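# Topology and contacts: notes
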Amino acid sequence: AQSVTQLGSHVSVSEGALVLLRCNYSSSVPPYLFWYVQYPNQGLQLLLKYTSAATLVKGINGFEAEFKKSETSFHLTKPSAHMSDAAEYFCAVTRRDDKIIFGKGTRLHILP
Amino acid sequence: DGGITQSPKYLFRKEGQNVTLSCEQNLNHDAMYWYRQDPGQGLRLIYYSQIVNDFQKGDIAEGYSVSREKKESFPLTVTSAQKNPTAFYLCASADTNTGELFFGEGSRLTVL
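How each quantity is defined
- Per-chain numbering applies: the sequence of each chain, read as written, is numbered from 1 onward.
- As a convention, the first chain written is A and the first ligand written is 1, with the rest following in written order.
- Residues qualify for local features only when their pLDDT is at least 70, as the model is predicted, and side-chain atom pairs are given and counted only at 80 or more; totals for whole chains, interfaces and linings, by contrast, use all residues.
- Each side-chain value is derived from all of the structure's non-hydrogen atoms; neither hydrogens nor water enter the calculation.
- Numbering of helices and strands runs from the N terminus; a helix is a DSSP stretch of H or I covering at least four residues, while a strand is a stretch of E covering at least two.
- For the radius of gyration, the atoms used are the C-alpha atoms, and the globule rule reads 2.2 Å times the number of residues raised to 0.38.
- When a residue's accessible area, from a 1.4 Å probe over protein chains only, is under 20% of the maximum for its type it is buried; when over 50% it is exposed; and in between it is partly exposed.
- Any two residues whose heavy atoms approach within 4.5 Å at even a single point are treated as in contact.
- The Shrake-Rupley method, run with a 1.4 Å probe, gives the accessible areas here. Residue values count only the displayed protein chains as cover.
- Pairs of cysteine sulfur atoms within 2.5 Å are identified as disulfides in what follows.
- If DSSP finds at least two bridges between two strands, the strands pair.
- Each axis is a line fitted through C-alpha atoms, and for a helix only the stretch in contact is used; angles between axes span 0 to 180 degrees, taken between their N-to-C directions.
- Here a Phe, Tyr or Trp ring, Trp counted by its six-membered ring, pairs with any other such ring whose centre lies within 6.5 Å, and the pair is stacked when the planes are under 30 degrees apart, edge-to-face when over 60, and tilted otherwise.
- Lysine NZ or arginine CZ positioned within 6 Å of the ring centre and within 35 degrees of the ring normal marks a charge as sitting over the ring.
- Patch membership needs two things, relative accessible area over 30% and no salt bridge, and members are linked within 9 Å if like-charged or within 5 Å if nonpolar (Val, Leu, Ile, Met, Phe, Trp, Tyr).
- Salt bridges, as used here, are contacts in which a Lys or Arg side-chain nitrogen is within 4 Å of a carboxyl oxygen on Asp or Glu.

## Some points on the overall build of chain A
Each helix and strand in chain A was counted, giving 0 helices and 11 strands. In terms of overall dimensions, chain A is globule-like: its C-alpha atoms have a radius of gyration of 13 Å, near the 13 Å expected for 112 residues. C-alpha atoms of chain A, sized along the principal axes, occupy 40 × 30 × 20 Å. Classification of the 112 residues of chain A by burial places 43% in the buried group. Sequence separation of 24 or more characterises 56% of the internal contacts of chain A that already satisfy a separation of 6 or more. Carbon and sulfur atoms provide 52% of the accessible area of chain A, an area that totals close to 5,400 Å².

This is the structure:
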C-alpha cells in the first residue's frame, strides 16, 4: 500500500529565508509524486510533479523538489521565501492507474 | 479554458435537507473524485469514478451519494444521513497517464 508522511503540520520561515517542506512516501513500485499548493478557500493547484524523468524537478513560483529513492523522500524547497508563499502544501503519491494518496498537509507561515 | 467547475461556491442549508453539489469538467478525463476537507485533516476521499456509469466508495462515503451518467459530470449529494456535513468539498478529475489531479475551486457547505 502507498502512503505519504509530511513532517510538520505548521512551518514558519522568515521572508527571504530557505523554505523546506518535508515529504516521505512508501510505494512498492516506482511512484509518481506531486506537490500541490492550496490558498484559503480555493482548490489545489499543481506546483510540480515527478514521473520518473529527472530526479530534480522544478515547479512554479520558484519551487523545486528532489526525488531521492534511497531516502524515499520528495522534499520541497525554495531558496528565498516570499509573503505570497503563505499557503497549505500537500505532498501526494500515486502509481499509474491507481488512486492518488495525499499527505495531511503543511501550512507554511511567512514571518516579515 | 479547460478545467473543473464546481457550484455553488458557498451553500447554506438546514439540518435534515439533502444538498447536491455540482462538478463539471471539460478535460475529457475518465476519472473523477470527490474529497472532503476539514481543518487539520487534509483531504479525505468520499467517492471516485473511473469511468461513466461506474463509481466506488472512498474512505468516508457514509451519508453521501454520487452519480456518473455523463463523462463530464459527477454530482455529489450530501444526504440527511451525513452526521456532520459542514465542510469544504473538492472535486477533481485525473489524467490517468500521469496520475495528476486537476481540482475545482471547491464548495463550502454550512449546515445551520
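Here the narrative resumes.
## Overview of the state of the cysteines
In protein chemistry, a disulfide is the covalent bond that joins the sulfur atoms of two cysteines. For the coordinates displayed, the defined rule picks out 2 disulfides over all chains. With its sulfur 1.9 Å from that of its partner, A:Cys23 forms a disulfide with A:Cys91. Note on the A:Cys23 and A:Cys91 pair: the S-S dihedral is about -65 degrees, so by sign convention the disulfide is left-handed. A residue pair is termed long-range when its members are at least 10 positions apart, and A:Cys23 in strand 3 (residues 19-26) and A:Cys91 in strand 9 (residues 87-94) qualify at 68 residues. Note on A:Cys23: relative accessible area 0%, which makes it buried. What makes A:Cys91 buried here is its relative accessible area of 0%. At a sulfur-sulfur separation of 1.9 Å, the disulfide partner of B:Cys23 is B:Cys91. Note on the B:Cys23 and B:Cys91 pair: the S-S dihedral is about -75 degrees, so by sign convention the disulfide is left-handed. Remark: B:Cys91 occurs in strand 9 (residues 87-94) and B:Cys23 occurs in strand 3 (residues 19-25); sequence separation between them is 68 residues.

## Description of the sheet that holds strand 6 (residues 56-58) of chain A
Strand-to-strand pairing in sheets goes through backbone hydrogen bonds, with the strands running parallel or antiparallel. All names here are of chain A. The 5 strands are arranged 1-3-8-7-6 in an open sheet whose pairing can be described as antiparallel. Each edge of the open sheet carries a strand with a single partner, namely strand 1 (3-7) and strand 6. Taken pair by pair, the neighbouring strands of this sheet meet at an average axis angle of 20 degrees, ignoring direction. In the sheet, strand 3 pairs with strand 8 (residues 73-78) via 4 bridges, with the strands oriented antiparallel. Note on strand 8: the bridge partner recorded for Leu-21 is Leu-76.

## Points about the packing of aromatic side chains
With the rule as written, the count across this model stands at 14 aromatic pairs over all chains. Relative to A:Phe67, the ring of A:Tyr25 has its centre 6.0 Å away and its plane inclined at 25 degrees; by these criteria the two rings are stacked. Of this pair, A:Tyr25 sits in strand 3 while A:Phe67 sits in strand 7 (residues 64-68); the two residues are 42 residues apart in sequence, bridging distant segments of the chain. Across this residue pair, the class does not change: A:Tyr25 and A:Phe67 are buried. Between A:Phe102 and B:Tyr35, the aromatic rings sit 5.6 Å apart at their centres with planes inclined by 90 degrees, giving edge-to-face as the arrangement. With one member in each of two chains, A:Phe102 in strand 10 (residues 101-102) and B:Tyr35 in strand 4 (residues 31-37) form a pair that bridges those chains. As far as the burial class goes, A:Phe102 and B:Tyr35 line up, both buried. Here the aromatic cluster, defined as three or more aromatic residues joined through ring pairs, consists of A:Phe34, A:Tyr36, A:Phe102, B:Tyr33, B:Tyr35, B:Tyr48 and B:Phe103. Over the ring of B:Phe74 we find B:Arg68, and its NZ or CZ is 5.9 Å from the ring centre.

## Re a nonpolar patch on the surface
Taken together, the side chains of B:Tyr10, B:Phe12 and B:Leu112 define a hydrophobic patch exposed on the protein surface, amounting to about 370 Å² of accessible area. Tracing the backbone through its elements, the reader meets B:Phe12 in strand 2 (residues 10-13).

## Considerations on the pattern of salt bridges
Two side chains with opposite charge may pair up if their charged atoms get near one another. Residues and elements named next belong to chain B. Applying the stated criterion across every chain, the model contains 7 salt bridges over all chains. Salt-bridge contacts for Asp-30 lead to Lys-71; the nearest nitrogen and oxygen are separated by 3.5 Å. Of the two residues, Asp-30 is situated in the loop between strand 3 and strand 4 and Lys-71 in the loop between strand 7 (64-66) and strand 8 (76-78); the sequence distance between them amounts to 41 residues. Judged by relative accessible area, Asp-30 falls into the partly exposed class, the value being 35%.

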